[in-house]
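Given next are the chains, with one letter for each unit.
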Amino acid sequence: MRGRQADRVTMVTVGDRRLRAAIRPGTGGGPPLLMCNGIGTPLEALAPFTSVLDPAIEVVRFDVPGVGGSPVPRRPYTIQCLARLAAQMLGELGYDRFDAFGISWGGGLAQQLALQYPRRCRRLVLAATSTGSLMIPASPRVLRHLSSPRRHRDPAHAARIAGTIYGGALRDHPELAEPITLAAPRPVSRRGYLYQLTASAGWTSLPVLRLIRQPALILAGDDDPIIPLANARLMAALLPDAWLYVYPDGHLGLLTRAAELAPVVSDFLLSVEPGARRAVQ
């Protein structure tokens with residue numbers, strides 16, 4: 001895409017933590033878009049999506065502690081602590097304001113950033129995500145697969161279960177999950193994965209969604225076994241300024257439908273006035 005510059009990968013020191021981050025410079029001069037990934041997922045996984053966002057948008061991707069190139073922390077952490085760590089990382093990189101994008105597990109982190117930093121977080125994009133522990137859950141079969149990092153460590157296993165857990169286009173084409181299953185620069189740490197699970201176990205945004213005043217774009221697939229569509233509809237109803245965009249696919253729609261969804265996200269982030277209470281059913 002014309003105007004696109006190469007990503008810069010760096011290690012950012014925040015207190016006693018080191019976080020691996022990738023920065024794609026933007027040409028528009030606006031706040032950067034901070035990408036918050038799903039559980040066990042390194043920053044490389046969403047490159048196929050972020051690479052087709054409008055080049056005006058600066059993009060920051062990072063590995064949470066214990067994932068990808070970020071060292072495993074000595075102790076577990078909470079979503080609130082991780083939000084503070086991410087905000088401090090952005091400060092170290094020279095960013096005051098930012099937009100937050102969260103997919104799946106990372107949607108909880110993005111919502112927490114919007115709650116903790118209302119003056120710094122300008123807009124919110126939530127993809128294939130929910131309100132956390134208080135949500136309409138996946139089936140027990142899907143939850144059993146999600147409780148283990150095996151799909152991030154064993155490509156053959158990931159291919160076998162891709163259709164079951166991700167739905168949509170992956171039911172017939174499990175190879176489309178390869179950007180997730182093969183992206184990691186090293187095998188996912190079992191302890192890092194466990195820390196992510198425990199961080200989200202007691203977290204929910206449900207009682208405080210109405211306190212998130214930022215304009216929010218919600219992206220949801222109509223065949224998502226991990227996050228049933230009803231969760232997105234609930235969030236759109238409770239967030240004060242939300243736009244729901246439903247696409248005909250599954251949990252990994254950002255990868256399988258990047259050509260459709262990247263312009264939707266770009267338009268939302270670059271518009272002068274994103275609008276209120278809009279919905280696409």
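Note: the structure precedes this text.
Throughout what follows, the structure given in this document is the object of discussion.

About the thresholds
Residues numbered from 1 in each chain as written. Predicted model: local features only at pLDDT ≥ 70, side-chain atom pairs only at ≥ 80, totals over all residues. Heavy atoms only, no water. Helix = DSSP H or I, 4+ residues; strand = E, 2+ residues; numbered from the N terminus. Expected span 1.5 Å × (residues − 1). Contact = heavy atoms within 4.5 Å. Polar contact = N/O pair within 3.5 Å; in protein donor to acceptor, adjacent residues only side chain to side chain. Phe/Tyr/Trp six-rings, centres within 6.5 Å; stacked < 30°, edge-to-face > 60°. Buried < 20%, exposed > 50% of the residue type's maximum accessible area, 1.4 Å probe, protein only. Lys NZ or Arg CZ within 6 Å of the ring centre and 35° of its normal. Salt bridge = Lys/Arg side-chain N within 4 Å of Asp/Glu carboxyl O.

**Description of helix 8 (residues 190-201)**
Right, on to step 1. Its twelve residues give helix 8 an end-to-end C-alpha distance of 16 Å, which sits within 8% of 16 Å, the value for a rise of 1.5 Å per residue.
Right, on to step 2. On its buried side, helix 8 packs onto helix 2 (79-92), helix 3 (105-116), helix 4 (140-146) and helix 5 (150-153).
Right, on to step 3. The N-cap residue of helix 8 is serine 189: its side-chain oxygen and the backbone nitrogen of arginine 191 are 3.2 Å apart.

**A few points about the environment of alanine 220**
Right, on to step 1. Structurally, alanine 220 can be placed in strand 7 (residues 216-221).
Right, on to step 2. Through-space distance from the C-alpha of alanine 220 to that of tyrosine 247 is 6.3 Å; in sequence the pair is 27 residues apart.
Right, on to step 3. Look past the residues within four positions of alanine 220 in its chain and what remains in contact with it is Leu229, Ala232, Leu244, Tyr245, Val246 and Tyr247.

**A word on the packing of aromatic side chains**
Right, on to step 1. This structure, assessed with the given rule, holds three aromatic pairs.
Right, on to step 2. Aromatic side chains phenylalanine 49 and phenylalanine 101 sit 5.8 Å apart centroid to centroid with 55° between the ring planes, which places their arrangement in the tilted category. Of this pair, phenylalanine 49 sits in helix 1 (residues 47-50) while phenylalanine 101 sits in strand 5 (residues 98-103), placing them 52 residues apart in sequence.
Right, on to step 3. When the centroid spacing of 6.5 Å and the interplanar angle of 50° are considered together, the rings of tryptophan 243 and phenylalanine 268 count as tilted. Here phenylalanine 268 lies in helix 11 (residues 258-270) and tryptophan 243 lies in strand 8 (residues 242-247), a separation of 25 residues in the sequence.
Right, on to step 4. Judged by its relative accessible area of 2%, phenylalanine 268 is buried.
Right, on to step 5. Seen from the ring of tyrosine 117, arginine 120 lies directly overhead, with NZ or CZ sitting 5.9 Å from the centre.
Right, on to step 6. Looking at arginine 123, its charged tip hangs above the ring of phenylalanine 268, at a distance of 5.9 Å from the centre.

**Structural notes on helix 11**
Right, on to step 1. In this model, helix 11 (13 residues) spans 17 Å end to end at C-alpha, consistent with the 18 Å of a helix rising 1.5 Å per residue.
Right, on to step 2. Taken together, the buried positions of helix 11 are occupied by Ala258, Leu261, Ala262, Val264, Val265, Ser266, Phe268 and Leu269.

**Re the side chain of asparagine 231**
Right, on to step 1. Within the secondary structure, asparagine 231 sits in helix 9 (residues 229-238).
Right, on to step 2. By relative accessible area, asparagine 231 is classed as buried at 2%.
Right, on to step 3. There is a polar contact of 2.8 Å between the side chain of asparagine 231 and the backbone nitrogen of isoleucine 136.
Right, on to step 4. Those residues within four positions of asparagine 231 in sequence are excluded, and the remaining contacts are Thr129, Ser130, Met135 and Ile136.

**Details of unusual backbone geometry**
Right, on to step 1. In this model, serine 104 sits at a positive phi of 55°, which is unusual for a non-glycine residue.
Right, on to step 2. Checked against the element boundaries, serine 104 lands in the loop between strand 5 and helix 3.
Right, on to step 3. With a phi close to 50°, alanine 128 is a non-glycine residue in the positive phi region.
Right, on to step 4. Relative to the elements of secondary structure, alanine 128 occurs in the loop between strand 6 (121-127) and helix 4.
Right, on to step 5. For alanine 128, a relative accessible area of 3% corresponds to the buried category.

**What to know about the pattern of salt bridges**
A side chain of one charge can pair with a side chain of the opposite charge if their charged atoms are brought near each other.
Right, on to step 1. Inspection of every chain in the model, using the stated rule, returns nine salt bridges.
Right, on to step 2. Arginine 20 serves as the salt-bridge partner of glutamate 44, at 2.2 Å between the closest nitrogen and oxygen. Taken as a pair, glutamate 44 in the loop between strand 3 (33-36) and helix 1 and arginine 20 in strand 2 (residues 17-24) lie far apart in primary sequence, 24 residues in all.
Right, on to step 3. By relative accessible area, glutamate 44 is classed as partly exposed at 23%.
Right, on to step 4. The class for arginine 20 is buried, based on a relative accessible area of 14%.
Right, on to step 5. Across the salt bridge formed by aspartate 99 and arginine 122, the nearest N and O atoms sit 2.8 Å from each other. Separated by 23 residues along the polypeptide, aspartate 99 in strand 5 and arginine 122 in strand 6 bring together distant segments of the chain.
Right, on to step 6. The class for aspartate 99 is buried, based on a relative accessible area of 2%.
Right, on to step 7. Through salt bridges with shared partners, one network takes in Arg20, Glu44 and Asp63.

**As for the environment of valine 125**
Right, on to step 1. On the secondary structure map, valine 125 appears in strand 6.
Right, on to step 2. By relative accessible area, valine 125 is classed as buried at 0%.
Right, on to step 3. As a C-alpha pair, valine 125 and glycine 102 span 23 residues in sequence and 6.4 Å in three-dimensional space.
Right, on to step 4. What valine 125 contacts, discounting residues up to four positions off in sequence, is Ala100, Phe101, Gly102, Leu217, Leu219, Val265, Phe268 and Leu269.

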